[in-house]
Amino acid sequence: DPRKVNSYDDFLQVVGDFFLHVCGHRNAEPAPDLDRDLILREAQAVLNRAYRDDGGAVVAYRCARSGLEGGMRIVLDRMVEQWKTEERHKYCFAVLRQDINSLSWDDRVRFVCYLQQQMTAFLPPELRDEPPERLARDHEKLIQTCVTAADKLARTFQNQ
């Protein structure tokens, strides 16, 4: 049964090979000589984050071993969804950071003020109540919060 694995070693082998394949083709063409050990460690970390709310990789292994709920296929699907979300966050964060850093001081303060107003419902009190001038100087957490909120909102509409 292709939905099942026989051992934890087999499970890690499938997870690692799959993630190596995904990472090797992330730019639409095969990547040369990826560090297999590094990729395997990253694969396990992504797997743990994908199953963080359910008990981590142990739960993923149980699913893959039993074949229930889709077995190994569901494990790999959840893993790749987690990875795609993280990659999207990194990209959006980098773009926003670059754009904000390229603004003049006054434009940066105005932009941060605009973000605070538009994202009020999603901001924790320490970001909502912070003076825009302070956030314009140290805007990393604000950007991360906005990117995460936008992603959650998008997923909410996708699931409707």
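What comes next concerns the included structure.

### Regarding the layout of surface pockets
Here is step 1: The computed volume of the largest pocket comes to approximately 440 Å³.
Here is step 2: Going through the elements one at a time, α2 (36-50), α4 (71-102) and α8 (140-158) are the ones with two or more residues in the lining of the largest pocket.
Here is step 3: Sort the elements by how many residues they give to the lining of the largest pocket and α4 lands first, with seven residues.
Here is step 4: Roughly 160 Å³ of volume is contained in the second largest pocket.
Here is step 5: The wall of the second largest pocket is formed by Arg 88, His 89, Cys 92, Leu 96, Phe 111, Leu 115, Met 119, Cys 146, Val 147, Ala 150 and Asp 151.
Here is step 6: At the level of elements, α4, α5 (105-118) and α8 are the ones that each hand at least two residues to the lining of the second largest pocket.
Here is step 7: Looking at side-chain class alone, the lining of the second largest pocket contains eight nonpolar, one polar and two charged residues.

### A look at helix α1 (residues 8-24)
A turn of α-helix holds 3.6 residues, and therefore any two residues three or four places apart point the same way.
Here is step 1: A rise of 1.5 Å per residue sets the reference length of α1, with its 17 residues, at 24 Å; its end C-alpha atoms lie 24 Å apart and thus fit the reference within 8%.
Here is step 2: Along α1, the residues that are buried comprise Phe 11, Val 15, Gly 16, Phe 19, Val 22, Cys 23 and Gly 24.
Here is step 3: At its buried positions, α1 is contacted by α2, α3 (57-66) and α4.

### Quick word on the packing of α2 against α4
Two measures define how a pair of helices packs: the angle their axes make with one another and the distance between the axes.
Here is step 1: Two elements in contact, α2 and α4, have axes whose closest approach is 9 Å; the angle formed by their N-to-C orientations is 95°. As summarised for this structure, α2 and α4 are arranged roughly perpendicular, according to the angle between their axes. On α4, the residues that touch Ala 43, Val 46, Leu 47, Arg 49 and Ala 50 of α2 are Val 75, Arg 78, Met 79, Gln 82, Trp 83 and Glu 86.
Here is step 2: For the contact of α2 with α4, the residue count by class is seven nonpolar, one polar and three charged.

### Regarding unusual backbone geometry
Here is step 1: Even without being glycine, Glu 69 reaches a positive phi, approximately 55°.
Here is step 2: Mapped onto the elements of the fold, Glu 69 is located in the loop between α3 and α4.
Here is step 3: Residue classification places Glu 69 among the exposed positions, given a relative accessible area of 70%.

What counts, and at which threshold
- Residues numbered from 1 in each chain as written.
- Predicted model: local features only at pLDDT ≥ 70, side-chain atom pairs only at ≥ 80, totals over all residues.
- Heavy atoms only, no water.
- 1 Å grid on protein atoms, 1.4 Å probe; cavity = no way out; pocket = protein on both sides within 12 Å on 5 of 7 lines; lining within 4 Å.
- Points joined across faces, edges and corners; volume = space filled by probe spheres on them.
- Helix = DSSP H or I, 4+ residues; strand = E, 2+ residues; numbered from the N terminus.
- Nonpolar A, V, L, I, M, F, W, Y, C, P; charged D, E, K, R; others polar.
- Expected span 1.5 Å × (residues − 1).
- Buried < 20%, exposed > 50% of the residue type's maximum accessible area, 1.4 Å probe, protein only.
- Contact = heavy atoms within 4.5 Å.
- Axes fitted to C-alpha atoms, helices over the stretch in contact; angles between N-to-C directions.
- Parallel < 35°, antiparallel > 145°, perpendicular 65-115°, else oblique.

Functional significance is not addressed by these values, which are geometric in nature.
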